[in-house]
Amino acid sequence: QVQLVESGGGLVQPGGSLRLSCAASGMIFSIHTMGWYRQAPGKQRELVADITSGGSTNYADSVKGRFTISRDNAKNTVYLQMNSLKLEDTAVYYCNARLRPRVGMGPFDYWGQGTQVTVSS
């Protein structure tokens with residue numbers, strides 16, 4: 001079993017900051033990519049940012065320059081620092097990990113339960 005546990009969501013005013021964390025645990029042989037997706041009401045889930053085990057990053061155009069993704073491979077943890085938050089950043093944020101539970105298996109995608117981020121004045 002693999003678990004992804006997220007933390008750090010909440011309510012923030014426009015222009016404010018939040019930091020999300022996601023820790024992966026359980027049967028893990030190796031983690032390839034970790035990332036964050038979000039889903040706003042009535043919209044499809046979209047990629048926010050992801051990061052490979054080597055540290056290469058990828059961002060949605062809408063968050064470039066405002067959000068920073070980082071990763072601690074020793075702790076199997078990914079972070080998302082969100083600055084200059086806008087009303088349109090309001091969504092449920094989901095952690096994703098693409099990993100191999102055992103040698104020769106996968107990689108498979110695993111998801112966290114989601115954490116609500118609300119940007120409101």
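A few points on the structure. (Residues numbered from 1 in each chain as written. Predicted model: local features only at pLDDT ≥ 70, side-chain atom pairs only at ≥ 80, totals over all residues. Heavy atoms only, no water.)

Here Ser70 shows up in strand 7 (residues 67–72). Given the relative accessible area of 30%, Ser70 is considered partly exposed. Those residues in contact with Ser70 that sit more than four places away from it in its chain are Ile51, Thr77, Val78 and Tyr79. (Helix = DSSP H or I, 4+ residues; strand = E, 2+ residues; numbered from the N terminus. Buried < 20%, exposed > 50% of the residue type's maximum accessible area, 1.4 Å probe, protein only. Contact = heavy atoms within 4.5 Å.)

The biggest cluster of nonpolar side chains holds 28 residues, and the ones touching the most others in it are Trp36, Val48, Phe67, Val78, Leu80, Met82 and Tyr93. The leading source of residues in this core is strand 9 (residues 91–100), at five residues. Sequence-distant contacts of Tyr93, that is, excluding residues within four places in its chain, are made with Glu6, Leu20, Trp36, Tyr37, Arg38, Val48, Phe67, Leu80, Met82, Gly114, Thr115 and Val117. (Core = buried A, V, L, I, M, F, W, Y, C linked by side-chain atoms within 4.5 Å.)

Our focus in this paragraph is the sheet that holds strand 7. In spatial order, the strands read 1-3-8-7; together these four strands make up an open sheet with antiparallel pairing. Bordering the open sheet on either side are strand 1 (2–7) and strand 7, each of which pairs with just one other strand. Averaged over all neighbouring strand pairs, the angle between strand axes comes to 15 degrees, with direction disregarded. (Pairing = 2+ DSSP bridges. Axes fitted to C-alpha atoms, helices over the stretch in contact; angles between N-to-C directions.)

Another point: the pattern of salt bridges. Applying the stated criterion across every chain yields a total of five salt bridges. The salt bridge involving Arg38 is made with Glu46; its shortest N-O contact spans 2.8 Å. Note on Arg38: relative accessible area 6%, which makes it buried. Between Arg66 and Asp89 there is a salt bridge whose closest N-O contact spans 2.7 Å. Here the residue Arg66 occupies a position in the loop between strand 6 (57–59) and strand 7, and Asp89 occupies one in the loop between strand 8 (77–82) and strand 9, the gap between them amounting to 23 residues. With relative accessibility at 10%, the residue Arg66 sits in the buried group. Bridged by salt links that share partners, the residues Arg38, Glu46, Arg66 and Asp89 form one connected network. (Salt bridge = Lys/Arg side-chain N within 4 Å of Asp/Glu carboxyl O.)

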